[in-house]
Amino acid sequence: MQLKEVQTKKGKAWEVVGYLGLQPNGKRKKVQKRGFKSRREATAWFNNELTLFSNGQSQYNEKAPKTVFTVRELYEMWLDGYQNTVEESTLSKTLKIFRLYILPDWGDTPVNEITPLSLQQYLNTMQVKLINYKKAVGYFNKLTKMAVKLDMIDVDPFTKVDMPRERKSQPKKKAMDAEEFKRFIEVLDGQYCQINRQAYTLLRLVAVTGMRTEEVLALQWKHIDFDGGYINIEQALGRGLHGGTYIKATKSETSTRTIKVASDMVRKLAHWYNLSKNKEPDSFVFNNNGKPLQPLRPNKWLHEVSDNYKVANGLAMHGLRHTWTTLALEQGATVKQVQTYLGHADASITLNVYAEITKKASEQTGEVLSNLIS
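Residues numbered from 1 in each chain as written. Predicted model: local features only at pLDDT ≥ 70, side-chain atom pairs only at ≥ 80, totals over all residues. Heavy atoms only, no water.

Novice: I'm lost on the sheet that holds strand β3 (residues 28–36) in this one. Help?
Specialist: Two pairing modes exist for strands in a sheet, parallel and antiparallel, and in both the strands are linked by backbone hydrogen bonds. The three strands are arranged β1-β2-β3 in an open sheet whose pairing can be described as antiparallel. Of all strands in the sheet, those bounded by a partner on one side alone are β1 (2–8) and β3. With strand direction ignored, the average angle separating the axes of adjacent strands in the sheet is 25 degrees. As paired strands, strand β2 (residues 11–22) and β3 are joined by eight bridges and run antiparallel to one another. Paired with Gly-18 across the strands is Val-31, a residue of β3. Helix α1 (residues 39–54) rests against β1, β2 and β3 of the sheet, and its axis sits at about 20 degrees to β2. (Pairing = 2+ DSSP bridges. Helix = DSSP H or I, 4+ residues; strand = E, 2+ residues; numbered from the N terminus. Axes fitted to C-alpha atoms, helices over the stretch in contact; angles between N-to-C directions. Contact = heavy atoms within 4.5 Å.)

Novice: Any chance you could explain the nonpolar core here in plain terms?
Specialist: Phe-184, Leu-202, Leu-203 and Ile-231 are the most contacted members of the largest nonpolar core, which has 51 residues in total. Secondary-structure elements contributing two or more residues to this core are α6 (178–195), α7 (197–209), α8 (213–217), β5 (230–233), α9 (263–275), α10 (297–309), α11 (317–330) and α12 (335–342). Counting residues in hydrophobic clusters, the runner-up holds 30 residues, among them Leu-103, Leu-119, Met-152 and Val-161. (Core = buried A, V, L, I, M, F, W, Y, C linked by side-chain atoms within 4.5 Å. Buried < 20%, exposed > 50% of the residue type's maximum accessible area, 1.4 Å probe, protein only.)

Novice: Mind showing me how you'd approach helix α5 (residues 133–149) here?
Specialist: Helical periodicity: at 3.6 residues per turn, an α-helix aligns residues three or four positions apart in one direction. The end-to-end C-alpha distance of α5 is 25 Å, a good match for the 24 Å that 17 residues give at a rise of 1.5 Å each. On its buried face, α5 sits against α2 (71–82), α3 (88–106) and α4 (116–129). Just past α5, the residue Asp-151 takes up positive phi, approximately 60 degrees. (Expected span 1.5 Å × (residues − 1).)

Novice: How should the pattern of salt bridges be read in this particular structure?
Specialist: Between side chains of opposite charge, a pair can form when the charged atoms approach closely. Within the structure shown, the criterion is met by nine salt bridges. The partner of Lys-4 in a salt bridge is Glu-15, and the shortest N-O contact between them spans 3.9 Å. Taken together, the positions of Lys-4 in strand β1 and Glu-15 in strand β2 put the pair eleven residues apart, joining distant regions of the chain. The exposure class assigned to Lys-4 is partly exposed, which follows from its relative accessible area of 47%. Connected via shared salt-bridge partners are Lys-4, Glu-15 and Arg-34. (Salt bridge = Lys/Arg side-chain N within 4 Å of Asp/Glu carboxyl O.)

Novice: I keep staring at the packing of α3 against α4 and nothing clicks. Help me out?
Specialist: Between two packed helices, the angle of one axis relative to the other and the distance separating the axes together describe the packing. α4 packs onto α3 with a crossing angle of 150 degrees between their chain directions and a minimal axis gap of 12 Å. As judged from the angle between their axes, α3 and α4 are roughly antiparallel. Seen from above, α3 lies across α4 with right-handed handedness. Contacts from Tyr-101, Ile-102, Asp-105 and Trp-106 of α3 reach α4 at Ser-118, Leu-119, Tyr-122, Met-126 and Lys-129. (Parallel < 35°, antiparallel > 145°, perpendicular 65-115°, else oblique. Left-handed = near helix turned anticlockwise from the far one by under 90°.)

Novice: Could you clarify how one ought to interpret the side chain of Thr-109 in this entry?
Specialist: With respect to the helices, strands and loops of the structure, Thr-109 is situated in the loop between α3 and α4. What Thr-109 contacts, discounting residues up to four positions off in sequence, is Phe-69, Thr-70, Val-71 and Ile-114.

Novice: I would appreciate a short explanation of a positive patch on the surface in the present structure.
Specialist: A contiguous patch of positive charge on the surface is contributed by Lys-93, Lys-96, Arg-99, Lys-135, Arg-239 and Lys-251. Counting residues per element, the positive patch draws most heavily on α3, at three residues. (Patch = residues over 30% accessible without salt bridge, like charges linked within 9 Å, V, L, I, M, F, W, Y side chains within 5 Å. Areas by Shrake-Rupley, 256 points an atom, 1.4 Å probe, with all protein chains shown as cover. Lys, Arg positive; Asp, Glu negative; His and termini not counted. Charge placed at Lys NZ, Arg CZ, Asp CG, Glu CD.)

Novice: I would appreciate a short explanation of the sheet that holds strand β8 (residues 257–260) in the present structure.
Specialist: Spatially, β4-β5-β8 is the arrangement adopted by the three strands of the open sheet, whose pairing is antiparallel. Both outer strands of the open sheet, β4 (224–225) and β8, are each paired with one neighbouring strand and no more. Two elements, β5 and β8, share four bridges in a ladder whose sense is antiparallel. By the bridge assignment, Asn-232 is partnered in β8 with Thr-258.

Novice: Just checking my understanding: could you explain the pairing of strand β6 (residues 236–239) for this structure?
Specialist: The sheet contact formed by β6 and strand β7 (residues 245–248) spans four bridges and is antiparallel. Bridge pairing in β7 links Ala-236 to Lys-248. Following β6, the chain reverses through five residues before pairing antiparallel with β7; His-242 in that reversal takes a positive phi of roughly 60 degrees.

Novice: What is the right way to read the packing of α7 against α10 from this model?
Specialist: Taken N-terminus to C-terminus, the directions of α7 and α10 make an angle of 95 degrees; their axes are 10 Å apart at the nearest point. The angle between α7 and α10 falls in the class roughly perpendicular. Residues Gln-198, Ala-199, Leu-202 and Leu-203 of α7 lie in contact with α10, whose contacting residues are Pro-298, Trp-301, Leu-302 and Val-305. Counted by class, the contact of α7 with α10 contains seven nonpolar, one polar and no charged residues. (Nonpolar A, V, L, I, M, F, W, Y, C, P; charged D, E, K, R; others polar.)

Novice: Please explain the packing of aromatic side chains as it appears in this structure.
Specialist: The description of an aromatic ring pair uses the distance of the two centres, along with the angle that the planes make with each other. With the rule as written, the count across this model stands at 16 aromatic pairs. A centroid spacing of 4.9 Å and a plane angle of 85 degrees characterise the contact between Trp-221 and Tyr-273, whose relative ring orientation is edge-to-face. One end of the pair, Trp-221, is in the loop between α8 and β4; the other, Tyr-273, is in helix α9, with 52 residues separating them in the sequence. When its relative accessible area of 26% is taken as the criterion, Tyr-273 is described as partly exposed. Residues Phe-226 and Tyr-273 carry aromatic rings whose centres are separated by 6.0 Å and whose planes lie at 55 degrees to one another, so their mutual orientation is tilted. Separated by 47 residues along the polypeptide, Phe-226 in the loop between β4 and β5 and Tyr-273 in helix α9 bring together distant segments of the chain. (Phe/Tyr/Trp six-rings, centres within 6.5 Å; stacked < 30°, edge-to-face > 60°.)

As structure tokens, this is what we get:
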């Protein structure tokens, strides 16, 4: 540090010149300041600035250059933690979203180069591409939020854009009414059972029990009590990585349950057991050479029935479960009975179906007296 008295426009003053320390780039930071009234004042200022500089709090401190990742690098860091917190089936779906909808567009982009304009254009494109696009881009937003926390960027670019409204999808048929259901069962029992016995048994079992597809695919012979007419639902089939499947726990604690099955359905299960090549207790009831069926196979069978026999039109496998719920409630089963039988963790799921039924009944009731006055 050097101190000297200098002449200024306002008269004599003291000036201090010295080095505060090293900047992040390795260069020494030199400061020069004048205008002090005394040598002591100049010295005190310099010593105070020296302390601030060493603590990174001086106005002369330069910020260290930020370590900025590309979106792909940030994704890989995020994935290291995320993959240990979810089921393999959930992980598989998440990886697919990144592979198809995020990394191709943004993988090689440094996260600090995501501009509001480019992000807005991407969101507009995704809104056209996907009905439920917000779920996909929500994963992208997890990365940008992480970048803010890691001081790679100062502001999350998602806070500077407008999320387009999701497009309305065509309403899908949720369930069959009683007459449609009867026709569906008649087709299964009278015709389709001769075409594909395994597919017939699976579709009929789901239709008359409301089991989830993932539950029926994980069913093993040891889970069926033929004498008592019960099925123990203890596990489910999950979609694993790379197209594989694996056995996992049921969807929720209440999904693990024992259900009573009608005697005619028990006889049809027994008939399928007699036809099956795999009869060991641990053998899967519905299988492909002993291995569990692929999760999409039941849907393909259902569509085959719909296309060939014009029943259950527009319905997916979950529609059979929704049909069971609707018809059971219409036939007088209580909400609690249905909730327990289906393994709903939340009664609101059952109540939503019940609300649809009561609304329909209310609309019909409004016409009860019309015949008397028309």
